[in-house]
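Observations on the model geometry
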Amino acid sequence: MSPANPIRRDGLHARLRAATDPAHRALEAGLDWQARVATRAGYRDLLARLHGFHATWEHAIGAQLSDETFLAPRRRLALLAADLDHLGLAPAAIAALPQPGAVRLDGPAAAMGALYVLEGSTLGGQLIGRHIAGLHGFSETGLAYYRAHGPRTGAMWSAFRTRLEAFGDDPDAEATLTHAAVATFAAMRAWLCAPHGVPGAG
Ligand code: HEM
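Note that the structure is predicted; figures quoted are calculated from it, not measured.

1. With respect to the environment of glycine 113
Looking at the secondary structure, you find glycine 113 in helix α7 (residues 107-136). Note: C-alpha distance between glycine 113 and threonine 178 (65 residues apart in sequence) is 5.9 Å. Residues contacting glycine 113, with those up to four places away along its chain left out, are Leu177, Ala180 and Ala181.

Below you can see the structure in the form of C-alpha cells.
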C-alpha cells in the first residue's frame, strides 16, 4: 500500500460515519428538535418541511439507484403525508407543500450516499418518536415517519450497511458516495433550519 492509499482497517461504513460526523452534529444542533416538536404546530411544521425534502430527494435517489425493490420500503414520503393528514392538513395542502428545487445525483454511489442520510435518520428518529409519543399522546397514527421501520429498524439498518460496503471496493465510488452524503446533510440542514418559511421553495 502506498502512503496515498493507507491500510484501511475499517469498512466503508466506519469511514463514512467518521466523515459525516461533523455534518450530523451540525444538523442535530441546528435542528433544535425538542423545541420544534414541543407544540403540535411546531411538529407539523417540521413534518411539512421533511415532506418537501423527502419528495425531492427520494425522487432523485430513485432515479439513480434504479433498484425500487431496495428503495421502496425505505421511502417515507407517504408516511409524512399520513402524519400530516392526522395533524389536520388537507390532501390538497399536503400536495402543495414547498419542495427544494430538483437535485441531480451522479449515479448509484451518489444515490447511496444520499440514502445513507435519510435511512440513518431512522436511528435517532426512534428516540425522537418516543419523545413525541410521550408529549402528544400519539401511538402509531401521527408518528408513522418517526416510527419508520419500528421493531425492524436494526434489521433494515443492517441490510443497508451490507449494501453500502459493496461500494468500498472502489475508491472513486466511495469518494462520490461520501461527497453526496455530506452534501445531503448540508442540504437537509439548510432546508429544515431556515429561520423564516422554507428556502428556495419552487
Ligand atoms: C433529520 C436529521 C437527522 C439525520 C439526517 C440523521 C442522520 C443519521 C445517520 C446517517 C445516522 C447513522 C450513523 C451511522 O452511520 O452509524 C444517524 C445515527 C444516529 N442519530 Fe441521527 N440524524 C438526524 C437527527 C438526529 C437527532 C436530532 C438525533 C438526536 C436525538 C440523532 C441521534 C442519532 C443517534 C443516537 C444515532 C445512532 C443510533 C445508533 O447507532 O443506534 N439524530 N443519524
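That covers the picture; the talk isn't over yet.
2. Remarks on the site of the ligand
Around the ligand sit 17 residues, and of these His13, His24, Leu27, Trp33 and Tyr116 come closest. Of the residues forming the shell around the ligand, the biggest block, eight residues, is contributed by α7. Of the residues contributing to the shell around the ligand, the split by class is ten nonpolar, five polar and two charged.

3. Re a negative patch on the surface
Side chains of Glu165, Asp169, Asp170 and Asp172 sit close together on the surface and give a patch of like negative charge. As for its placement among the helices and strands, glutamate 165 is situated in helix α9 (residues 153-165).

4. Notes on the side chain of glutamate 119
Relative to the assigned elements, glutamate 119 resides in helix α7. At a separation of 2.8 Å, a polar atom in the side chain of glutamate 119 contacts the side chain of histidine 149.

Criteria and thresholds
- Residues numbered from 1 in each chain as written.
- Predicted model: local features only at pLDDT ≥ 70, side-chain atom pairs only at ≥ 80, totals over all residues.
- Heavy atoms only, no water.
- Helix = DSSP H or I, 4+ residues; strand = E, 2+ residues; numbered from the N terminus.
- Contact = heavy atoms within 4.5 Å.
- Near = heavy atom within 4 Å.
- Nonpolar A, V, L, I, M, F, W, Y, C, P; charged D, E, K, R; others polar.
- Patch = residues over 30% accessible without salt bridge, like charges linked within 9 Å, V, L, I, M, F, W, Y side chains within 5 Å.
- Areas by Shrake-Rupley, 256 points an atom, 1.4 Å probe, with all protein chains shown as cover.
- Salt bridge = Lys/Arg side-chain N within 4 Å of Asp/Glu carboxyl O.
- Lys, Arg positive; Asp, Glu negative; His and termini not counted.
- Charge placed at Lys NZ, Arg CZ, Asp CG, Glu CD.
- Polar contact = N/O pair within 3.5 Å; in protein donor to acceptor, adjacent residues only side chain to side chain.

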